[in-house]
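Survey of secondary and tertiary structure
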Amino acid sequence: MLDAVHFEQVGVPAAAVLTEPFATTGTAMAELQGFDDYPFATVPHPIGSLTESQADAIADAVAATVLGLLTDPDAKPTPSDRSFGTNAQLPRGDKQTSTDAASSSTAKSAPADVVEELAAVLRADRADLTATVAGRHITLSLHIPDEACAECVLPASTLVPMFQHRFDTELGTGWTITLDDPRTTEHSSP
Amino acid sequence: MTITLVDPTLPPAGAAATLAPRPVSLEGAVIGLVSNGKTHARRILSRVAQNLIDSHGARDSVLLVKSTANLPAAPEEVEALAADVTAIIAAIGD
Amino acid sequence: MRPVAMTPDRDVELSDPWRAIEACYEAGWTDGLPVVPPTESLVDAITAGGVWDADDVLLREPARGLEVTARKAAANAVMAGCRPEYFPVVGAVLAAIGAPEFELHAVSASTGGAVILIAVNGPIRDEIGIHYKENLFGPGFRANATIGRTVRLVLRNCLAAIPGKLDKSAQGWAGKYAMCFGEDESTSPWEPYHVSLGYSPSQSTVTVMAAESGHNVLNHALPDPEGLLGTFADTMSALGSLSSGRSLVVFAPEHARKLGAAGWSRPQVQEYLFEHATRTYADVKRGGKVEAAGNVTGFHPTQWMETDPQVQPGDNDISVPRGTCPDDIALMVGGGDAGGHSSFFPTWSRDRSVPLITQEILQP
């Protein structure tokens, strides 16, 4: 974080990308340097044990947020929470609202972005996530191939509320999700 | 009875800092990448930069691998890179 | 360095003396244990007649833009339970950890959870009661406990080294409460540690180390140096703490006497440990300690973390040492007269880490 704020201090806009556990630390470091509410992006943790393709997925998932941090003077941090994904707003004009998400064409692109963020997390354990969208309902399918560690992937009872929270945050409330988990029976959000 | 306790803490103070001005777009921008040398740092930073070049008009990227991975870039490193770039990306996390 | 506003002193209305202790908890000033409320008179007594004036800066941390004055350090020393005569040791520790090469910001923020290990040499040990005999690292000795504790409280209260702020320790270890001890110079078969660095025996010093948790090295049966040190070398080559960083071995008197009886010098012991605390390159790779290649080719002792992570033919024939040279292994002596239990402390983190820093203690 210090690198980012040091460049801000010499007039160079900076985008800091932090793994989620370091969000609080990054916020504290920026505050020590006089930057309250310094906007930055968060990505899933850890990075060190990822494969190259998984690392590429992280980069692809965060690029749009980095663009916003570097070109939007009003980019604001979202308070870090226990879910995954980026935490800075997209540039103006690209922002999805809950009313926009009600239309079918918009509903197919915005949920796909969130699904991709969630899938990138699961790929760290060699699992994957796909989805189909019908109206404001998202059917998620969890894929755990033989070479993946099924026990390493969080149970559906934990994943469903996490995913729901992510959709609520990114798309607005009103979306329901169903998760097909090969390890157990189907789980739905309340 | 009232006693006075000497505060042992040291919170920061001073004027709030302001963000550097943002360009309206990255058209023609040179993106500085500040790497701490940890696994995938360079790969992730470079791929994000490539995305900005391929899809958002940035012109080039410049990589700085810090002389000391555990500490921020030295002032001379910041000064040198700042002279050559429009914006930077830095990454933190193990 | 950004200007830092000094926090105002805090008035506490007391209905009974215990309220002041609770007030310190409520303010978030403690390490989880009760602290001595830092009243003005107690804080002033720490610095009165001492080496430093209240506004003298004892520790600068440039990454965080913070400076710790003698008065702030004294407030934390009071809370820790320090007596005024301990404060010169505290000041020396703060000077040592403020050395640029110690990289205090990284040491105190890292997921590695390093402890500020403090070893004291010289006459001050007996002058103020720094313990260096049985139960060397354990509780019960005021100087040891409170000097170590002061340093941690300064890090927490003055440098924001707190979980949830800047301390990202994954687990840390109990030495973060306090880790301060003296070397048993009279029992050591060699010159005192600080003398080996060029200080005179009449000088008192602190040596600080960013330390991971210690390994107990148990050996009761073997009288010969090679057999004894083989146990140490094996412990020091454990994959979980193997790195190109420094090491500290604290020999219990029982072990130190065996080495002394055999006539082994300090350099001889260092060389033996360096040559034998090794793992094969194949083991190092299997342990996940070799990361994806940069453009580094071949094998270099200090860059073995930056090359091909796949086990290759011949990797079993390459020997990877702990550290880069025998002098990376610091040796001290301390502990009870009985018991073949010594300790090995690796430096924090996965690579070269930071050096041990020795600082003279200035006394009034």
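In this text, all values refer to a predicted model and were calculated from it rather than measured experimentally.

About the thresholds
- Residues numbered from 1 in each chain as written.
- Chains lettered and ligands numbered in written order.
- Predicted model: local features only at pLDDT ≥ 70, side-chain atom pairs only at ≥ 80, totals over all residues.
- Heavy atoms only, no water.
- Helix = DSSP H or I, 4+ residues; strand = E, 2+ residues; numbered from the N terminus.
- Rg over C-alpha atoms; globule rule 2.2 N^0.38 Å.
- Buried < 20%, exposed > 50% of the residue type's maximum accessible area, 1.4 Å probe, protein only.
- Core = buried A, V, L, I, M, F, W, Y, C linked by side-chain atoms within 4.5 Å.
- Arc of directions from axis to C-beta.
- Pairing = 2+ DSSP bridges.
- Axes fitted to C-alpha atoms, helices over the stretch in contact; angles between N-to-C directions.
- Contact = heavy atoms within 4.5 Å.
- 1 Å grid on protein atoms, 1.4 Å probe; cavity = no way out; pocket = protein on both sides within 12 Å on 5 of 7 lines; lining within 4 Å.
- Points joined across faces, edges and corners; volume = space filled by probe spheres on them.
- Nonpolar A, V, L, I, M, F, W, Y, C, P; charged D, E, K, R; others polar.
- pLDDT = per-residue confidence, 0-100.

**Considering the overall build of chain C**
The helix and strand tally for chain C stands at 12 helices and 13 strands. Expected size for 364 residues packed as a compact globule is a radius of gyration near 21 Å; at 22 Å, chain C falls within 12% of this value. Oriented by its inertia axes, the alpha-carbon framework of chain C measures out at about 70 × 50 × 35 Å. For chain C, the residues scored as buried account for 55% of the 364 residues in total.

**Quick word on the nonpolar core**
Residues Met1 of chain A together with Ile97, Phe102, Ile116 and Ile147 of chain C are the most contacted members of the largest nonpolar core, which totals 85 residues. The element best represented in this core is helix α4 (residues 87–97) of chain C, accounting for eight residues. Val17, Ala55, Ala59 and Leu67 of chain A belong to the second largest nonpolar core, which has 28 residues in total.

**Re unusual backbone geometry**
Between histidine 45 of chain A and the following residue, proline 46 of chain A, the backbone shows a cis peptide bond with an omega angle of 0 degrees. Even without being glycine, glutamate 103 of chain C reaches a positive phi, approximately 50 degrees. Mapped onto the fold, glutamate 103 of chain C is located in the loop between α4 and α5 (104–109). Not every positive phi belongs to a glycine, and alanine 160 of chain C is a case in point at roughly 60 degrees. Within the secondary structure layout, alanine 160 of chain C lies in the loop between α7 (142–159) and β5 (180–182).

**Remarks on helix α1 (residues 18–27) of chain C**
Residue and element names in this part refer to chain C. The complete set of buried residues in α1 reads Ala20, Ile21, Ala23 and Cys24. Along α1, the residues classed as buried sweep out an arc of 155 degrees about the axis, all on the same side. When the buried face of α1 is taken as reference, the exposed residues oriented beyond 90 degrees from it are Trp18 and Glu26. Immediately beyond the C-terminal end of α1, within one or two residues, lies glycine 28, with a positive phi of roughly 80 degrees.

**A word on the sheet that holds strand β13 (residues 357–360) of chain C**
Either a parallel or an antiparallel arrangement is found when strands of a sheet pair, and the pairing is made through backbone hydrogen bonds. All names here are of chain C. Taken in spatial order, the four strands line up as β5-β4-β6-β13 in an open sheet, and their pairing is mixed. Of all strands in the sheet, those with a lone pairing partner are β5 and β13, marking the two edges. Strand after strand, the sheet turns through a mean of 25 degrees between neighbouring axes, direction not considered. Two elements, strand β4 (residues 115–121) and strand β6 (residues 205–211), share seven bridges in a ladder whose sense is antiparallel. Looking across to β6, one finds that asparagine 121 is bridged to threonine 205. Across the sheet, α4 is in contact with β4, β6 and β13; its angle to β6 comes to roughly 50 degrees. Of the strands in this sheet, β4 and β5 are in contact with α7, which crosses β4 at around 140 degrees.

**Observations concerning empty space enclosed by the protein**
Tallied over the entire structure, the rule returns four cavities of 30 Å³ or more. Considering only enclosed or pocket space, the largest cavity measures out at about 120 Å³ in volume. Lining the largest cavity are 13 residues, with Ile47 of chain A together with Ile44, Ala91, Ile92 and Gly93 of chain B sitting closest to its centre. Elements that contribute at least two residues to the lining of the largest cavity include exactly β1 (14–19) of chain A together with α1 (41–56) and β4 (87–92) of chain B. Per element, the largest residue contribution to the lining of the largest cavity is three residues, and it comes from β1 of chain A. Each residue belonging to the lining of the largest cavity can be placed in one class, and the counts come to eight nonpolar, five polar and no charged.

**Quick look at the confidence of the model for chain C**
Summing up the model confidence of chain C, the mean pLDDT is 91 and the portion of residues at 70 or higher is 91%. A low-confidence stretch, residues 293–302 of chain C stays under pLDDT 50, and its non-local contacts, those more than four residues away or across chains, total 17 contacts.

**Considering the environment of alanine 156 of chain A**
All names here are of chain A. Turning to its location among the elements, alanine 156 is positioned in helix α5 (residues 156–171). According to the relative accessible area criterion, alanine 156 is buried, its value standing at 3%. C-alpha of alanine 156 to C-alpha of arginine 183: the two residues are 27 residues apart in sequence and 8.6 Å apart in space.

**Here's the deal with the pairing of β4 of chain C**
All names here are of chain C. Most of β4 sits out of view: seven of its seven residues are buried. Side chains Val115, Leu117, Ala119 and Asn121 of β4 all project onto a buried face; the interleaved residues Ile116, Ile118 and Val120 project onto the opposite face, where all are buried too. Inspection of the sheet shows β4 paired to β5 by three bridges, in the parallel sense. Bridged to valine 120 within β5 is glycine 182.

**Describing helix α3 (residues 70–80) of chain C**
All names here are of chain C. Most of α3 is tucked away: 10 of the 11 residues are buried. Buried within α3 are the following residues: Ala70, Lys72, Ala73, Ala74, Ala75, Asn76, Ala77, Val78, Met79 and Ala80. Buried residues along α3 sit in contact with α2 (40–47), β2 (57–61), β3 (66–69), α4 and α7. Trailing α3 by a residue or two, glycine 81 shows a phi angle of about 100 degrees, which is positive.

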